[in-house]
Every structure is written in structure tokens, then in C-alpha cells.
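Notes for the structure review
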Amino acid sequence: MQKKIRKIVIVGGGTAGWMVAAALAKTLGTHHHDIVLIESEMIGTVGVGEATIPQIALYNSVVGLDEAEMMRETNATFKLGIEFRDWRKLDHSYFHPFGFYGVDMGGISFSHYWLRWKKAGGNLDYTKFNVETEAARDEKFLRTNDDNNIYMPSVNYAYQFDASLYAKYLRMISEKRGVRRIEGKIVDSAQNAESGFIESVKLENGQSVTGDFFIDCSGFRGLLIEQVYKAGYHDWSSMLPVNKAVAVPCAKNGPPLPYTRSTAREAGWQWRIPLQHRTGNGYVFSGEFISEDEATARLMNSLDGEPLADPKVLKFTTGVRKKSWIKNVVSVGLSNGFLEPLESTSIHLIQVAIAKILAMFPGDQIQTGLVDQYNEEMHWEYDHVKDFLIAHYHVTERDDTPFWNYVRTMEIPDELKRRLETFRNRGETLCHKSELFKEVSWFAVLYGQGLEPTGYHPVANSISEDDLKLRLAKIRSGIQDRLNGMPSHQEFIDRYCAAN
Ligand code: FAD
């Protein structure tokens, strides 16, 4: 007989561990469930990971965070999207915004109307129909629920923050809500002889911590999911060959930009993430194509401010556990898998896991049907993000280094091949409704990378040319009005984050 799930043990206190703790404490509460988190300061956390995507607002609101307070606590800035430099070819850049292009009409996306218009000689770039791209270019920002004007496009945003401070902030909230933290290094675990369920973990000081349900947030090592249960790993490094990163913060050199920058390099890419007090930087690279020393030198030579620490090298294998939930252990965060931070998806995937754990949270018994469902759904989430990332590398004109020649010509998944083909023929991306990256994201990246559709959806021909022109002009003027009323990003932060 299984025991009732009363005591939950979270193994690890990085961003994943504390996000889980804060969410469980808020939703399940600590009266019916005893929630314990074990972490080891000596082992520490990954300590990088600063850019997010807009969905994090949902997590923050479920946990009950006050946005301005969260921003003060984590030195956060606003993020409107990602600028991709040198990805399609050298000296070229494009922007992947969080919001929409124009307005969808007749049940199809705006991009089809724009493609029709362009083919007929229209010469205004599609980026002019997106408010986030325009605001990013002008370094402006406004939370649109601050101005009550329903006739102008809303501004979609996420945050750039210090993920270690975010975890610290969530720890404070979790402990206030009754989560118990235990400091110590886990050295062993005990399983039930019959069921194989984990019954307790043992710390280096001899203490044993029992539990009914364990959430493995132990980072890359996967302390329970891999070291005990040998879940196995889908290794995707043949299609996403970067496997190392060197990271270093530097002093800021002006007001923070409201976006993250990704600059393609000879064997990978470099991030630049502006926070309120400093800038985060890192070169994500493939060790097969460049040495650690060369990558570090490249990073250090391209900083636009004084380095504030020694560069730190991290190694990873891109992929995901074959099973994320086994018996009474669920892995969340890096212990479950890792996809390079090109589209800032790791913290989001933690959030997705938390939402699914809550939706399928066991009552008296762990149901194998729900476990199977969880495993399928989590794999699906990682798999679709994986294809989107591959598209950034594969659809390129770059042929200037062995790394770019490899990714441009490598074998890609069949599903992605189908998408690229359909996009090439009629600007459609075959997005599944529940996919994280919607048609607008695929359009921004594929078009930005140089894949120009030859056709478009036939419904885009259903309105007259005059009507189309009028609608485009209206959309454009709404965006311009929105921009005219926006303060600079820095001004907005100063005003919004000022302590009340
Ligand atoms: P960790 O931070 O490694 O935490 C593991 C925890 O487990 C620690 O508390 C540790 O002490 C504990 N632990 C481990 N072993 C034991 C033990 N034996 N006993 C006790 N405790 C133990 N994500 C984004 O969303 N955006 C980004 O821009 C982004 N950039 C990234 C860049 C790089 C180079 C990397 C590698 C990751 C990036 N990420 C990003 C991912 C993000 O950093 C992680 O998803 C996030 O920090 C979660 O990490 P974690 O909590 O799973 O693991």
C-alpha cells in the first residue's frame, strides 16, 4: 500500500527548487502538507539565467508576487524580445518580439496580409507593425495597463533579472508561508524494498529526511531521477551542438536596453542581458569547434563594460530525461533537462512543470495513468522548444566557419522539415495550439533568418486592395500613437520601481 502524500521533499534550492516551493506553499498550503526543501550552500547553484519570457507573469501572479517589489528585489529590467545579430549573415540583425504583428484578420495571421501587400509592391517593413520592436529600437517602455487606452496595441513583456536574487526572494516568501529549509548535502537515499519508492534521503551529517513525494531540483546531476532511478536521457546534441558556456557579468555602460541581445559567434552565440545594476554576458559554444580559452578570450574582448567577476565555465548536454516522473520522484529544472538559453526557456519550463505537477498532484495514491500523461506532456514541451531552437541555426546563410557549415547542413527532425517547407510555400508554420512559440514567433525567426515565403494564405486575398491599405494604415497609426506616449525604459523603471 502506498502512503498518503503528506510530506513533500524538494531536493535542491536553485531557481527551480524555490519556484516549486513558493508555488506549492501557495497552492497546496503548509497545513495539510509538510513542505521541506534541502539544499547545500557548499554545492551552490548554477547562478546564471537572467532572461525570461512573458508567461512568467502567470507564475508570479499565482504565487502572489508584487511586480514592482519583485523588480526591486531582483534588479530587474523589462524585456520586449530578443535582438539576433549576425545570425542570418554577418552585419544583419532582426528582432524576435513578444507581441504580435498587426492584427489577425479573417481567422488568419497578419503576416499573410503583409506578404500579399509586399508582393504587390508595399514597402513598409513588417517590423513597423509590431509595437515591441519599435519600442525596443527607441529604448522605450510602458506597461499598457497603466494608460487605459483600449484602442492601441498592448505591450507584451518579460523581465531580465538576477535569477539568484529571484530564488532568494522566493525563498523568503516560501519560508514565511511555512516551507522548512534544511541545509546539508544529500549523500544517500533509501527505497521501499517492495515498491521502490524513495522513503528518505540521508545527509552528510547523518540526518535522515523522510518524505512521501520528492521533487528533484538538484541541477544537472539529477540526484534522484538519474542517480537512483536511471531515467536515461534523450541527447539532442547532434542537432544543437553547443555544449559549454562561459559567463561573466560586467559594469553597465548606459541605461539598460529593454531587450536581450544574442550575437552569433564563430562557434555559437553570445548573450547580453542588461539588468538595472549590471549587464550579464555569456558565450554559449560548442567545444568541438572552439577551445574554452579561445571562447573566453572572445567573450572578454567583446564586453562593453568592466568585468565584475572571473569568467565561469559551465558544461551541459542538450536534451531531456526519458522520464521526468518515476514512482514518487519528479524532476524539475536542470535535473530534468537543458536547452540552451537562446530563447530564454529554462525558467519557463520549470513553470510548466510546476503547473502540470499541480494539475496532476496525487491525492491518496500516485496514479500510473497520470504519471504517464505527465511524462508525455513534459517531453512534448521540450521537444517543441528544441525544434524552434534548431530552426535558428539551420535556416542561415552563414558559411564562414566550420560550426555554421555544420548546423546549416545537418539533418533536422522531419516535423521541422515539414514546417520549413510549408513556411517557404505559403508563410504558415503548422503551429499546434498549445505550443509555446506561436506563429508570430516562427514568422519573426524564420523570416529574420532569411526564409522568405513564396506565397501566402488565400484568405489574405479576400479583402480589396484599398481596404487592405486602409487597415494597414490604421494599425500603423495605432502603433505610432502608442509609441508617442511612451517614456524611456530607464524613466519607466525609475518611476515604477521607486519604493512606495
Ligand atoms: P541549480 O541552480 O544547479 O540548483 C541545484 C540545487 O540543488 C542547488 O541548490 C544545490 O545546492 C542543490 N543540490 C545539488 N546536489 C545536492 C546534494 N547532493 N545535496 C543537497 N543539495 C544539492 N534560464 C532562463 O530561463 N533564462 C536564461 O537566460 C538562462 N540562461 C542560462 C545560461 C546558462 C549558461 C545555463 C547553464 C543556464 C541558463 N538558464 C537560463 C537556466 C537556468 O539557470 C536554470 O534553469 C535555473 O537556474 C534552474 O536551475 P536549477 O535550480 O534546476 O539547478
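The structure contained in this document is the topic of the report that follows. (Residues numbered from 1 in each chain as written. Predicted model: local features only at pLDDT ≥ 70, side-chain atom pairs only at ≥ 80, totals over all residues. Heavy atoms only, no water.)

**Some words on the environment of His 96**
Mapped onto the secondary structure, His 96 falls in strand β5 (residues 93-97). Since its relative accessible area comes to 3%, His 96 is described here as buried. What His 96 contacts, discounting residues up to four positions off in sequence, is Leu 80, Gly 81, Ile 82, Phe 84, Glu 343, Phe 388, Phe 437, Ser 441, Ala 444 and Val 445. Here Glu 343 takes part through its side chain, which lies 3.0 Å from a polar atom of the side chain of His 96. (Helix = DSSP H or I, 4+ residues; strand = E, 2+ residues; numbered from the N terminus. Buried < 20%, exposed > 50% of the residue type's maximum accessible area, 1.4 Å probe, protein only. Contact = heavy atoms within 4.5 Å. Polar contact = N/O pair within 3.5 Å; in protein donor to acceptor, adjacent residues only side chain to side chain.)

**Quick notes on the site of the ligand**
Neighbouring the ligand are 34 residues, the closest being Gly 13, Val 48, Ala 51, Ile 186 and Ile 347. Between the ligand and Thr 15, the relevant distance is 3.2 Å, taken from an oxygen atom to a main-chain nitrogen or oxygen of the residue. In this structure, Ser 40 approaches the ligand through a main-chain N or O atom, which is 3.0 Å from an oxygen atom. Within the complex, 98% of the 1000 Å² of free accessible area of the ligand lies under protein. Where the shell around the ligand is concerned, the elements lending two or more residues are α1 (15-27) and α8 (346-359). In terms of residues, the shell around the ligand owes the most to one element, α8, which gives three residues. When grouped by side-chain class, the residues that make up the shell around the ligand number 16 nonpolar, 14 polar and four charged. (Near = heavy atom within 4 Å. Areas by Shrake-Rupley, 256 points an atom, 1.4 Å probe, with all protein chains shown as cover. Nonpolar A, V, L, I, M, F, W, Y, C, P; charged D, E, K, R; others polar.)

**Overview of the pairing of strand β13 (residues 244-251)**
For β13, the tally of buried residues reaches six of eight residues, placing the bulk of the element in the interior. The pairing of β13 with strand β17 (residues 312-315) spans four bridges and is classified as antiparallel. Bridging across to β17, Ala 247 finds its partner in Lys 312. (Pairing = 2+ DSSP bridges.)

**With respect to the nonpolar core**
Taken as a class, soluble globular proteins show a tendency for nonpolar side chains to be buried jointly. Ranked by size, the top nonpolar core spans 146 residues in total, and within it Phe 213, Ile 215, Val 332 and Tyr 393 carry the most contacts. Considering every element that reaches this core, the biggest residue donor is helix α9 (residues 368-394), with 10 residues. One finds Val 9, Val 11, Phe 214 and Ile 225 within the second-largest nonpolar core, a separate group that totals 18 residues. (Core = buried A, V, L, I, M, F, W, Y, C linked by side-chain atoms within 4.5 Å.)

**So, the sheet that holds strand β12 (residues 233-235)**
Consider a sheet: its strands pair through backbone hydrogen bonds, and that pairing is either parallel or antiparallel. Strand order in the open sheet formed by three strands is β12-β18-β21, with antiparallel pairing between adjacent strands. A single partner strand is all that each edge strand has here, and the edge strands are β12 and β21 (337-338). Sheet analysis places strand β18 (residues 319-321) next to β21, joined by two bridges and oriented antiparallel. By the bridge assignment, Gly 319 is partnered in β21 with Phe 338.

**Observations regarding the pattern of salt bridges**
Two side chains of opposite charge can pair, provided their charged atoms sit close to one another. Going through the model one piece at a time under the given rule, you end up with 33 salt bridges. In this structure, the salt-bridge partner of Lys 417 is Glu 411, at a minimum N-O distance of 2.7 Å. A salt bridge links Arg 419 to Glu 415; the nearest nitrogen and oxygen atoms lie 3.8 Å apart. Of this pair, Arg 419 and Glu 415 both sit in helix α11 (residues 414-426), separated by four residues, roughly a single helical turn. With relative accessibility at 1%, the residue Arg 419 sits in the buried group. On the accessibility criterion, Glu 415 (30% relative accessible area) is partly exposed. Because the salt bridges share partners, they merge into one network encompassing Lys 128, Glu 134, Arg 137, Asp 138 and Arg 476. (Salt bridge = Lys/Arg side-chain N within 4 Å of Asp/Glu carboxyl O.)

**Describing the sheet that holds strand β19 (residues 325-326)**
Strand order across the open sheet formed by six strands is β7-β2-β1-β11-β20-β19, with mixed pairing between neighbours. With one partner strand each, in any of the chains shown, β7 (180-183) and β19 form the two edges of the open sheet. Bridge count for β19 against strand β20 (residues 329-331) is two bridges, and the pairing is antiparallel. When the bridges of β20 are listed, Ile 326 appears paired with Val 329.

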